[in-house]
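Fold and contact review
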Amino acid sequence: MHKVVIVGGGPAGLMAAYYSALQGNYTVLFEKNEKTGKKLYITGKGRCNLSNNVPVDEFLNNVVSNSKFLYGALNSFTPYDTLSFFENSGLKLKTERGNRVFPLSDKASDVTKTLERLCIDLGVDIKLNMLVEQINVENGHVKSVTINGDDFLCDSVVVCTGGLSYPLTGSTGDGYKFAKRLGHSIITPRPSLVGIELNGQYFRDAQGLSLKNVSLIAKVANKTVFNELGEMLFTHFGVSGPIVLSCSCLINRASVDDLELYIDFKPALDEETLHKRIIREVDSARNKSVSNMLRSLLPKNIIPEILRRCNIKEDKICSEITVQERKLLIEVMKKFSLDFKAFRPIEEAIVTSGGVNVKEINPKTMESKIVKGLFFAGEVLDVDAFTGGFNIQIAFSTGYLAGINA
């Protein structure tokens, strides 16, 4: 009987184990934690956004890195297949705003328990608290894995060890070490879906300020790579929130010197319309301070910084505002620059960008092009996507392909 080892018990590993066992393989899953699916428990704020219910072509538009590589995997095991898989296994699901799929119970644990139960029913040998130290190869083919100094013979190994984000869940880069030792190249891991640190002080004064219906724009080498309307938040380190996380996916491989980042506080108004609006506000509040007048246009906590950038004193009377100062106000409100410092640490990122170079992986099987019998699935690969269930679906789809081919 073909013996398959799965390294890692996250979504990719559990799916790979299930489909490997379904092929009739003797399948052993080694998980270094005390339980499987540890990262799944915290996804979707504990609710587990396990997929996004859209057609494959639309899904691929939400993949940031190497979408073409995933074409085969996502067509082999589509979001629809994921929904059917779980519902046919007794886990009821629901689709919410943005086509995000959750268990009806709102319990991430139910997703893990379902996957684990299915694996056990097929005879998968799940071994917890077991750290795989290395993968051994002979004549270009997988031979065994080493655990606690002992070699465990096998015919195939599927590496599903995740990336570097949330290391307390076990994602500590083990898979990169295995891959590199066996001749694979690693695309430098970077944080993705993560907050952005800024230079300056004003954001600390505005800490906790939630912005809605603003646009965040990012340019790399003068080319716009991100322009999205939505919500964001000023924090003690800089900015975070939905559009900031999405933006981070598209700029995390850019040079800081080439990066320009700014907020449009009034995306619904062009400059001419905004100018007319400011004139009206100034005329109706001629004897009030500029700071007071701007409260009808901007959140209170950001007004001091807006005025500072325009070199306008907060107590200046509206009737004294010059034409040039009005122009400056419009300019800063429409293009409020953010002085990028760094991304938050990769340990805080929702997913890892980078990983095993997909040029060295067969996209139809997830098998290594360098070592026979060696497969990779999930976040360990250089693939990542926007938030919304896309990354977990990628784990399921690549895990499925690896499992049926291992």
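The following paragraphs examine the structure supplied in this document. (Residues numbered from 1 in each chain as written. Predicted model: local features only at pLDDT ≥ 70, side-chain atom pairs only at ≥ 80, totals over all residues. Heavy atoms only, no water.)

1. Structural notes on the packing of helix H11 (residues 303-310) against helix H12 (residues 323-334)
Closest axis-to-axis distance for the H11/H12 pair is 9 Å, and the angle between their directions is 125°. Classified by the interaxial angle, the pair formed by H11 and H12 is oblique. As H11 packs across H12, the resulting crossing turns out to be right-handed. Listed contacts from H12 to Ile-306, Leu-307, Arg-309 and Cys-310 of H11 are Leu-328, Leu-329, Val-332 and Met-333. Of the residues belonging to the contact of H11 with H12, the class tally is seven nonpolar, no polar and one charged. (Axes fitted to C-alpha atoms, helices over the stretch in contact; angles between N-to-C directions. Helix = DSSP H or I, 4+ residues; strand = E, 2+ residues; numbered from the N terminus. Parallel < 35°, antiparallel > 145°, perpendicular 65-115°, else oblique. Left-handed = near helix turned anticlockwise from the far one by under 90°. Contact = heavy atoms within 4.5 Å. Nonpolar A, V, L, I, M, F, W, Y, C, P; charged D, E, K, R; others polar.)

2. What about helix H5 (residues 108-121)?
Since the α-helix advances by 3.6 residues per turn, residues separated by three or four positions end up pointing in the same direction. Over its 14 residues, H5 runs 20 Å from end to end, which matches the ideal 20 Å to within 8%, given 1.5 Å per residue. Buried residues belonging to H5 abut helix H1 (11-22), helix H4 (79-88), strand E6 (100-103), strand E7 (125-128) and helix H13 (390-405). Just past H5, the residue Gly-123 takes up positive phi, approximately 90°. (Expected span 1.5 Å × (residues − 1).)

3. Some points on the pattern of salt bridges
In this structure the tally under the stated criterion is 20 salt bridges. Two residues, Arg-47 and Asp-106, come together in a salt bridge whose shortest N-O distance is 3.0 Å. Of the two residues, Arg-47 is situated in the loop between strand E2 (26-31) and strand E3 (51-52) and Asp-106 in the loop between E6 and H5; the sequence distance between them amounts to 59 residues. Overall, the relative accessible area of 23% leaves Arg-47 in the partly exposed class. In this structure Asp-106 comes out as partly exposed when scored by relative accessible area, which is 30%. A salt bridge links Glu-281 to Arg-277; the shortest N-O distance between them is 3.1 Å. A residue pair is termed a helical-turn pair when its members lie 3 or 4 positions apart in one helix, as Glu-281 and Arg-277 do in helix H9 (residues 271-284) at four residues. (Salt bridge = Lys/Arg side-chain N within 4 Å of Asp/Glu carboxyl O. Buried < 20%, exposed > 50% of the residue type's maximum accessible area, 1.4 Å probe, protein only.)

4. What to know about the sheet that holds strand E10 (residues 150-153)
Strands sit in the order E8-E9-E10 across an open sheet of three strands; the sheet is antiparallel. Edge strands, defined here as strands with exactly one partner in the open sheet, are strand E8 (132-138) and E10. Sheet twist, expressed as the average angle between the axes of neighbouring strands with direction ignored, equals 35°. Sheet topology places E8 next to strand E9 (residues 141-147); six bridges connect them, and they run antiparallel. Paired with Asn-136 across the bridge in E9 is Ser-144. (Pairing = 2+ DSSP bridges.)

5. Things to note about H11
Every buried residue of H11 is accounted for by Ile-303, Glu-305, Ile-306, Leu-307 and Cys-310. Residue Asn-311 follows H11 closely and has a positive phi angle near 60°.

6. Considering the state of the cysteines
Summed over all chains, the structure comprises zero disulfides. With no disulfide of its own, Cys-160 lies closest to Cys-119 among cysteine sulfurs, the gap being 11 Å. The exposure class of Cys-160 is buried, given its relative accessible area of 8%. Its sulfur unpaired, Cys-310 is 13 Å from the next cysteine sulfur, which belongs to Cys-318. According to the relative accessible area criterion, Cys-310 is buried, its value standing at 3%. (Disulfide = S-S within 2.5 Å.)

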